[in-house]
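Observations on the three-dimensional arrangement
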Amino acid sequence: VAASGGYMMACVADRIVASPFAVLGSIGVISDLPNVYERLKREGIEFQTVTAGKYKRTLTPTKKVTDEDLKKSKEDIEEILKLFKAFVGGNRPSLDIDDVATGETWFGEDALNKGLCDELNTVDDVLTQYVDSGYNVYSVKY
């Protein structure tokens with residue numbers, strides 16, 4: 001699996017070899033936070049948070065979420081998506097970043113067709129190719 005942050009790490013490689021059943025992509029951003037404000041209110045529990053800075057705590061599990069909070073959080077994750085796309089696009093310039101930065105994932109052949117990887121192969125076959133080419137292949141165990 002090379003999805004989201006995993007793909008971000010993989011995309012810096014000169015060449016990406018993925019197994020035919022690998023999941024690649026998920027170039028997108030998510031922000032997910034449970035909110036217990038209403039439950040605390042029903043239980044008679046008041047939660048106080050002291051902050052400095054207008055947007056220090058836009059979303060938090062213990063306060064009532066406002067439209068302004070949601071708007072700011074949406075702006076923040078859109079900015080993170082721009083950074084994510086720029087990073088992946090800079091490391092894989094042949095990739096149509098707008099086509100793949102949708103949060104979707106693709107398997108094997110579809111990922112290859114999208115340009116998310118350069119080759120489909122199993123790890124055993126890749127290692128065999130290296131050995132056949134005269135490289136030393138080592139195994140490290142901890």
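Residues numbered from 1 in each chain as written. Predicted model: local features only at pLDDT ≥ 70, side-chain atom pairs only at ≥ 80, totals over all residues. Heavy atoms only, no water.

Further remarks concern helix H3 (residues 67–91). With 25 residues, H3 should reach 36 Å at 1.5 Å per residue; the first-to-last C-alpha distance of 36 Å fits that figure. Listed as buried for H3 are Asp69, Lys72, Ser73, Leu81, Phe84 and Val88. Buried-residue contacts for H3 involve helix H1 (5–10) and helix H4 (97–100). (Helix = DSSP H or I, 4+ residues; strand = E, 2+ residues; numbered from the N terminus. Expected span 1.5 Å × (residues − 1). Buried < 20%, exposed > 50% of the residue type's maximum accessible area, 1.4 Å probe, protein only. Contact = heavy atoms within 4.5 Å.)

Considered as a void within the structure, the largest pocket measures approximately 200 Å³ in volume. Together, 16 residues line the largest pocket, and Thr51, Arg57, Thr58, Lys63 and Asp69 are the ones closest to its centre. Classifying every residue of the lining of the largest pocket by side-chain character gives two nonpolar, seven polar and seven charged. (1 Å grid on protein atoms, 1.4 Å probe; cavity = no way out; pocket = protein on both sides within 12 Å on 5 of 7 lines; lining within 4 Å. Points joined across faces, edges and corners; volume = space filled by probe spheres on them. Nonpolar A, V, L, I, M, F, W, Y, C, P; charged D, E, K, R; others polar.)

Tallied over the entire structure, the rule returns one aromatic pair. Note on Tyr130 and Tyr135: the rings are 5.3 Å apart at their centroids and 90 degrees apart in plane angle, and the pair reads as edge-to-face. Here Tyr135 falls in the exposed class, since its relative accessible area comes to 53%. (Phe/Tyr/Trp six-rings, centres within 6.5 Å; stacked < 30°, edge-to-face > 60°.)

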